[in-house]
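The primary structure of each chain is shown beneath.
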Amino acid sequence: MESVMLDELEREIVSRLRVDGRAPFSRIAAALDVSENTVARRYQKLRSAGLLRVVGSVNGPLIGRTSWTLRIRCTPDAADPIAAALARRPDTFWVHLLAGGTEISCNVQARSDTARDALLMDKLPRTSRVLDVSAHALLGESGPEVALDEGDHALLAALARDGRTRHTELATATGWSESTVKRRIEGLRAAGVLVFEVDLPPAALGLRAEARLWLTVRPSALRRVAAAIAAHPEVVFSAVTTGRTNLTAMVACRDSGALYRYLTDRIGGLDEVHTAETAPVIRTVKRAGPVLPR
């Protein structure tokens, strides 16, 4: 399905969903001057095909979770099964097979230090087909921690599967009333805990050259450079990290030529960037949502 290209109307629908993933189809339809049924039908077609979905993502540090990005080198025969195993975990996101087929990158949002250590020091090193694992903590400023109860966890789990789940279904999942569900979603969004993301392969928008970057930036300029890179339209994800490099990013460009120009002009134009390592993405196994169909 990643070979499918969205038409103009579908791109406009995606653009509106990126502003508000739970926006009613009626509101999107009014803004685009089409019928509500047309918007709903286009969305459902793309979602049923496994191409488009809205995902409720959690800002882990605000609820006591730790976030890490991993680089895993393995033997060529092991890359696919290890990436698939990582993708099946509920605490992993953005699982990519990188150039050469012997390296995997992924993000982990561990629910506890114990869960993190079990993955990094027990499960991954246990197989001889894993040659090397490097883990880098994702850094950033955050507000006060938000306490969650069982209903909150049920709500977030349902929204992680489908960010547009109806209030009636969420009420059943949580045991709350629909008004409580609506109020709690608004509260979690306002607190920065809950963010709705559009899960869509960049290729569907004509962006066929994806790459993971690891940059070394002068520490005194790190905040400014991180903000500048995050504002680049090519950047899908970026974060300050611990480790030998201190800033990582995922970029999506139209083709290899556009990626070359991005690296030489945009990244190369930042004097505070001392080194840049680039690894093209061969295949994405998992993005923000559940495991992607093969």
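All of these numbers come straight from a predicted model, not from anything done at the bench.

What counts, and at which threshold
- Residues numbered from 1 in each chain as written.
- Predicted model: local features only at pLDDT ≥ 70, side-chain atom pairs only at ≥ 80, totals over all residues.
- Heavy atoms only, no water.
- Helix = DSSP H or I, 4+ residues; strand = E, 2+ residues; numbered from the N terminus.
- Buried < 20%, exposed > 50% of the residue type's maximum accessible area, 1.4 Å probe, protein only.
- Contact = heavy atoms within 4.5 Å.
- Axes fitted to C-alpha atoms, helices over the stretch in contact; angles between N-to-C directions.
- Parallel < 35°, antiparallel > 145°, perpendicular 65-115°, else oblique.
- Left-handed = near helix turned anticlockwise from the far one by under 90°.
- Nonpolar A, V, L, I, M, F, W, Y, C, P; charged D, E, K, R; others polar.

> What's the story with the overall build of the chain in this structure? I'm lost.
If you tally the helices and strands in the chain, you get 10 helices and 10 strands. Judged by the C-alpha coordinates and their principal axes, the chain covers about 50 × 45 × 40 Å. With 294 residues in all, the chain has 47% of them scored as buried. Considering only contacts in the chain between residues 6 or more positions apart, those separated by 24 or more positions represent 73%.

> What exactly am I supposed to notice about the packing of helix 2 (residues 25-32) against helix 3 (residues 36-48) here?
Geometry of a packed helix pair, given as the angle between the helix axes and the separation of the axes. Following both chains from N to C, one finds helix 2 and helix 3 inclined at 110°, their axes separated by 8 Å at the closest point. Of the possible angle classes, the one that applies to helix 2 and helix 3 is roughly perpendicular. Note on packing geometry: the crossing formed by helix 2 with helix 3 is right-handed. Packed against helix 2, whose contacting residues are Phe25, Ser26, Ile28 and Ala29, the element helix 3 presents Glu36, Val39, Ala40 and Tyr43 at the interface. Residues that form the contact of helix 2 with helix 3 fall into these classes: six nonpolar, one polar and one charged.

In short, geometric facts, not functional conclusions.
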